[in-house]
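In case you want the letters, here they are:
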Amino acid sequence: MLWISVFSTDVLANEELSREEILQQRMAYYIHFGEFLVPWYYLAAIDQYERNIQSVRSDIPKRDSVIAIQFSEEYWNGPLNSTDGDSPASDISYFGGVGLDGNGDGIADRNNDEDIIYTMASYLSQFGLEEENFRLALYEYYYTEEAVNQIMTIAKIYKHFNSIDLETHVFPIPVQHSYSYRSTWGANRGWGGRRSHEGTDLFASYGIPVVSTSHGVIEVMGWNNFGGWRIGIRDNHNSYHYYAHLAYYNKGLKVGDVVEPGTTIGFVGSSGYGKEGTSGKFPPHLHYGIYKFDGRTEWAFDPYPSLVQWEKHSKQAKQSSRRECLTPDLSHHRTYGSIYGGSTKMN
């Protein structure tokens with residue numbers, strides 16, 4: 001049994017933790033309980049998925065703790081167990097519940113982070129350690145392919161970067177280039193039937209690079225009669241980023257590749273509104289959209305506010321980088337003191 005308490009409950013209850021401290025504690029849980037059971041990034045992916053859907057669903061209680069995974073009381077305690085609240089692990093097992101004791105106190109508490117993460121790790125380990133085993137375990141737990149695919153994507157991202165601290169976003173067009181954009185969410189579109197615009201159009205010259213705004217996995221590439229040459233990237237926050245009307249893709253990219261903020265994925269064009277290869281029916285621009293998966297459906301939301309923030313941060317980062325380049329590097333100018341260990345004063 002892995003009865004080693006990773007963190008003091010008193011610390012978690014009484015102190016306001018910084019973002020960095022929360023991430024460190026999460027990672028410690030994943031590694032500790034995954035070390036002998038399942039790869040850490042599988043636990044991390046499920047935890048992040050549950051955190052994602054809790055943030056956008058009003059019908060699901062939000063678990064305000066380091067770990068977001070939560071089990072229903074019936075599933076945890078067993079369908080015939082009439083005990084409310086915490087139960088001895090032996091009683092839960094007797095009634096067919098899944099709850100386990102992860103910290104060695106004899107109680108399986110579905111509000112305790114260590115008990116929760118240990119229970120999930122134990123559940124996953126029953127299926128095996130291979131990717132297909134994990135996929136099957138997810139389907140048996142969530143019963144939807146969409147949830148399985150999203151969690152698999154998050155796990156792939158975490159494994160690739162060996163980190164859960166992946167919150168950086170950038171503007172989809174490098175800010176040193178000329179471009180213009182405004183909020184076009186909900187505007188009427190007529191080609192292919194009356195519809196509303198689900199995104200923001202960013203106008204720029206033909207061939208200007210288009211970069212990934214986030215960490216993610218390329219899910220879709222190819223032609224779409226509306227979007228022309230387009231690419232879809234799913235990130236670790238249940239968001240699907242849609243880039244359309246490209247002139248062409250960055251050479252070598254393919255479906256399944258992992259990208260990070262700033263990765264060049266294609267170039268501004270005017271493709272679309274017709275059969276494959278159609279181009280020039282409108283000025284060159286990037287159509288950028290974001291869709292959120294909430295565990296049941298996927299819906300579009302206005303990306304404009306996010307773009308404004310990412311543009312601001314990207315410009316600040318560029319200015320900071322420029323200042324660093326303009327600061328002279330004097331480290332190679334050796335003084336007499338640094339060579340001889342004595343004073344720089346010459347006698």
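All values derive from a computational prediction rather than experimental measurement. (Residues numbered from 1 in each chain as written. Predicted model: local features only at pLDDT ≥ 70, side-chain atom pairs only at ≥ 80, totals over all residues. Heavy atoms only, no water.)

If you tally the helices and strands in the protein chain, you get 10 helices and 14 strands. Out of the 347 residues belonging to the protein chain, those deemed buried represent 47%. Of the contacts made within the protein chain by residues no fewer than 6 positions apart, 59% connect residues no fewer than 24 positions apart. Per element, the accessible surface of the protein chain, about 18,200 Å² overall, is 50% carbon and sulfur. (Helix = DSSP H or I, 4+ residues; strand = E, 2+ residues; numbered from the N terminus. Buried < 20%, exposed > 50% of the residue type's maximum accessible area, 1.4 Å probe, protein only. Contact = heavy atoms within 4.5 Å. Areas by Shrake-Rupley, 256 points an atom, 1.4 Å probe, with all protein chains shown as cover.)

Okay, the pattern of salt bridges next. Within this structure, the stated rule accounts for 11 salt bridges. Residue Arg51 pairs with Asp47 through a salt bridge whose shortest N-O separation is 2.8 Å. Within this pair, Arg51 and its partner Asp47 are both found in helix α3 (residues 40-56), separated by four residues, close to a single helical turn. Residues Arg51 and Asp47 agree in their burial class; the two are buried. (Salt bridge = Lys/Arg side-chain N within 4 Å of Asp/Glu carboxyl O.)

It is worth spelling out a nonpolar patch on the surface at this point. Nonpolar side chains collect at one region of the surface, where Leu80, Tyr94 and Phe95 lie side by side and expose about 390 Å² of accessible area between them. Note that Phe95 resides in the loop between α5 (89-94) and β2 (107-108). (Patch = residues over 30% accessible without salt bridge, like charges linked within 9 Å, V, L, I, M, F, W, Y side chains within 5 Å.)

Counting residues in each nonpolar core, the largest one holds 49 residues, and the members touching the most others are Tyr30, Ile46, Met120, Leu124 and Phe134. Of all the secondary structure elements, the ones that give two or more residues to this core are α2 (19-34), α3, α6 (113-125), α7 (131-142) and α8 (145-161). By residue number, the principal contributor to this core is α3, which donates nine residues. Not counting chain neighbours up to four residues away, the residues in contact with Leu124 comprise Val38, Tyr42, Leu43, Ile46, Phe134 and Ala137. Ala204, Leu253, Ile290 and Leu307 belong to the second-largest nonpolar core, a separate cluster that totals 23 residues. (Core = buried A, V, L, I, M, F, W, Y, C linked by side-chain atoms within 4.5 Å.)

Before going further, it helps to spend a moment on the confidence of the model for the protein chain. Atomic detail in the predicted coordinates should be set aside for any region of low pLDDT. Scored by pLDDT, the protein chain has a mean of 87; 86% of the residues are at 70 or more. The low-confidence segment residues 332-347, where pLDDT is below 50, has 10 contacts with residues more than four positions distant or belonging to other chains. (pLDDT = per-residue confidence, 0-100.)

Structurally, the position occupied by Leu138 is in helix α7. Sequence separation between Leu138 and Tyr123 is 15 residues, and the spatial gap between their C-alpha atoms is 10.0 Å. In this view, Leu138 contacts Ile46, Tyr143, Val148, Ile151 and Met152; residues no more than four positions away in its chain are not counted.

Interaxial distance between α7 and α8 falls to 9 Å at its minimum, and their mutual angle equals 135 degrees. Comparing their axes, α8 and α7 come out oblique. Two packed elements cross with a definite hand, and for α7 against α8 that hand is right-handed. Seen from α7, the contacting residues are Glu131, Phe134, Arg135, Leu138, Tyr139 and Tyr142; seen from α8, they are Glu145, Ala147, Val148, Asn149, Ile151, Met152 and Ala155. Across the contact of α7 with α8, the residue classes break down as nine nonpolar, one polar and three charged. (Axes fitted to C-alpha atoms, helices over the stretch in contact; angles between N-to-C directions. Parallel < 35°, antiparallel > 145°, perpendicular 65-115°, else oblique. Left-handed = near helix turned anticlockwise from the far one by under 90°. Nonpolar A, V, L, I, M, F, W, Y, C, P; charged D, E, K, R; others polar.)

Further remarks concern the side chain of Ser239. Examined against the element boundaries, Ser239 turns out to sit in strand β10 (residues 239-249). Residues within four places of Ser239 in sequence aside, it is in contact with Gln150, Ile233, Arg234, Ile290, Tyr291 and Lys292.

Although it is not a glycine, Asn238 adopts a positive phi angle of roughly 65 degrees. Taking the relative accessible area as the measure of exposure, Asn238 reaches 0% and is therefore buried. Here His245, not a glycine, exhibits a phi torsion of approximately 70 degrees, which is positive. For His245, the location among the structural elements is in strand β10.

Put simply, α2 and α3 touch, their axes get as near as 8 Å, and they point 135 degrees apart. In terms of their interaxial angle, α2 and α3 are classed as oblique. Considering how the two elements wind past one another, α2 and α3 form a crossing that is right-handed. Along the contact surface, α2 presents Arg26, Met27, Tyr30, Ile31, Phe33 and Gly34, while α3 presents Trp40, Leu43, Ala44, Asp47 and Arg51.

Here we take up the pairing of strand β12 (residues 264-268). Burial analysis of β12 places four of its five residues in the buried class, the great majority of the element. By the bridge criterion, three bridges tie strand β7 (residues 209-211) to β12 in an arrangement that is antiparallel. Following the sheet pairing, Pro209 is matched in β12 by Phe267. In terms of strand pairing, β10 meets β12 through three bridges, oriented antiparallel. If you follow Tyr249 over to β12, its bridge partner there is Gly266. (Pairing = 2+ DSSP bridges.)

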